[in-house]
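# Coordinate analysis (summary)
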Amino acid sequence: MRIAISTDSDDVSSHFGRCPSFTILDIEDGKVVKQFKLENPGHQSGFIPQFLHEKGVECVVSGGMGSRAASFFEEHGIRAIV
């Protein structure tokens, strides 16, 4: 499973769309097998869910997200955890 965490330095960002980066974790058998960062490509309506979907993300974790953003993630089959 590939998870994206909206991050600001080493902390979970309070808003996914305005975070500086996303920490990507690949998890297999309950263990992190790969970790890397992706720079936030910019906050445009509906763009980040598509961007993360193209990177194979199945779940996103963020400190905050509006209902419209959550629905964009849902459309791409990405579970949003706030």
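Just above sits the structure.
Right, let's walk through the structure included here. Keep in mind it's a predicted model, so treat the numbers as computed, not measured.

Conventions we followed
- Residues numbered from 1 in each chain as written.
- Predicted model: local features only at pLDDT ≥ 70, side-chain atom pairs only at ≥ 80, totals over all residues.
- Heavy atoms only, no water.
- Phe/Tyr/Trp six-rings, centres within 6.5 Å; stacked < 30°, edge-to-face > 60°.
- Helix = DSSP H or I, 4+ residues; strand = E, 2+ residues; numbered from the N terminus.
- Buried < 20%, exposed > 50% of the residue type's maximum accessible area, 1.4 Å probe, protein only.
- Arc of directions from axis to C-beta.
- Contact = heavy atoms within 4.5 Å.

With that out of the way, let us pick up the packing of aromatic side chains. Applying the stated criterion across every chain, the model contains two aromatic pairs. Aromatic side chains F16 and F73 sit 5.3 Å apart centroid to centroid with 70 degrees between the ring planes, which places their arrangement in the edge-to-face category. Placement of F16 in the loop between β2 (11–12) and β3 (21–28) and of F73 in helix α2 (residues 67–75) is noted, with a sequence separation of 57 residues between them. Like F16, the residue F73 is buried in the burial classification. The interplanar angle of 25 degrees and the centroid separation of 6.2 Å between the aromatic rings of F47 and F51 together place this pair among those described as stacked. With F47 and F51 both in helix α1 (residues 47–54) and four residues apart, the pair spans about one turn of that helix. Look at F51 and you get buried, because its relative accessible area is 14%.

Turning next to the environment of Q50. Mapped onto the secondary structure, Q50 falls in helix α1. On the basis of relative accessibility, which here comes to 27%, the residue Q50 falls in the partly exposed class. Placed 23 residues apart in sequence, Q50 and F73 show a C-alpha to C-alpha distance of 7.9 Å.

Residues I48, P49, F51 and L52 constitute the buried set of α1. Viewed along the axis of α1, the buried residues span an arc of 160 degrees, placing them on a single side of the element. Looking at the buried side of α1, the elements it contacts are β1 (2–8), β3, β4 (31–39), β5 (59–61) and α2.

Before going further, it helps to examine the environment of V61. By secondary structure assignment, the location of V61 is in strand β5. For V61 and R79, which are 18 residues apart along the polypeptide, the C-alpha to C-alpha distance reads 8.6 Å. Ignoring anything within four residues of it in the chain, the contact list for V61 reads I3, A4, I5, S6 and I81.

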